[in-house]
Amino acid sequence: MVRFFRLLAQLLVLIIVALASTLISMRLAIHGREVAIPDFRGMAPAEAERVATEHGLQLARSDHFYSATIPAGCIVSQQPEPGTHVRRGWRVQAAESLGPQLIDIPSLIGMSPRAAEIDIRRRGLEVGAAAELPTDASAAQSILAQTPAAGAQGVASPRIGLLYAAPPPEPAYAM
């Protein structure tokens, strides 16, 4: 009987050791490869990529924004935020600064969508979101509104969104 209890106690100790080692192994496997994301803001792209590589991260430069405080060509924002814990190999999205806004936003109201797109690209800007608004035939195929407005200052992005008139839809009948 004593031998049975001794065998049972040894078996319980082995089970506890196995469970503890499993939990510790899982903890190390899940959290052992985590790193805190450094602050890339204000760094030059080459320096930011070097720091990202040292931390086992990937840096993807995906966008451009105007910034009055961060010089052109430096990182202006990042996602995820600095200090966030992620696994090694994680991709950090970074946006580069275009420096302060030096380009005047043109007035595009009344232009055709194609002429407005050409003017936007000629000025070094980008066409942002575009939408159609069905109107009467007199205003068809002209720009009705834009964002940001003409002459706007302190613009964050080099994109101009357009709302243009479209011909009224043909009448449809359901049978």
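Residues numbered from 1 in each chain as written. Predicted model: local features only at pLDDT ≥ 70, side-chain atom pairs only at ≥ 80, totals over all residues. Heavy atoms only, no water.

Enquirer: When you look at the sheet that holds strand β7 (residues 143-147) in this model, what are you seeing that I'm missing?
Expert: Where strands meet in a sheet, backbone hydrogen bonds hold them as pairs that are either parallel or antiparallel. Read across the open sheet, the three strands follow the order β6-β8-β7; overall the sheet is mixed. Edge positions in the open sheet fall to β6 (126-134) and β7, since each of these has one partner strand only. Taking the axes of each pair of neighbouring strands and ignoring which way they run, one obtains an average angle of 20 degrees across the sheet. Pairing of β6 with strand β8 (residues 159-166) involves seven bridges; the strand directions are parallel. Bridge assignment links Ala131 to a residue of β8, and that residue is Leu163. (Pairing = 2+ DSSP bridges. Helix = DSSP H or I, 4+ residues; strand = E, 2+ residues; numbered from the N terminus. Axes fitted to C-alpha atoms, helices over the stretch in contact; angles between N-to-C directions.)

Enquirer: Can you walk me through helix α2 (residues 45-54) in this structure?
Expert: In an α-helix, one full turn covers 3.6 residues, which means residues spaced three or four apart are oriented alike. For α2, the complete set of buried residues consists of Pro45, Ala48, Val51 and Ala52. Projected down its long axis, α2 carries its buried residues within an arc of 125 degrees, all on one side. Exposed and oriented more than 90 degrees from the buried face of α2 are Ala46, Thr53 and Glu54. The inward-facing, buried residues of α2 abut β2 (58-65), β3 (75-79) and β5 (91-97). Once α2 finishes, Gly56 follows within two positions and takes phi at roughly 75 degrees, a positive value. (Buried < 20%, exposed > 50% of the residue type's maximum accessible area, 1.4 Å probe, protein only. Arc of directions from axis to C-beta. Contact = heavy atoms within 4.5 Å.)

Enquirer: Looking at this model, I keep getting lost on the sheet that holds β5. Mind explaining?
Expert: Across the sheet, three strands lie side by side as β2-β5-β3; this open sheet has mixed pairing. Two strands in the sheet have a free side with no partner beyond their single neighbour: β2 and β3. Sheet twist, expressed as the mean angle between neighbouring strand axes with direction ignored, is 30 degrees. When β2 meets β5, the two strands line up parallel, connected through seven bridges. Note on β5: the bridge partner recorded for His64 is Glu96.

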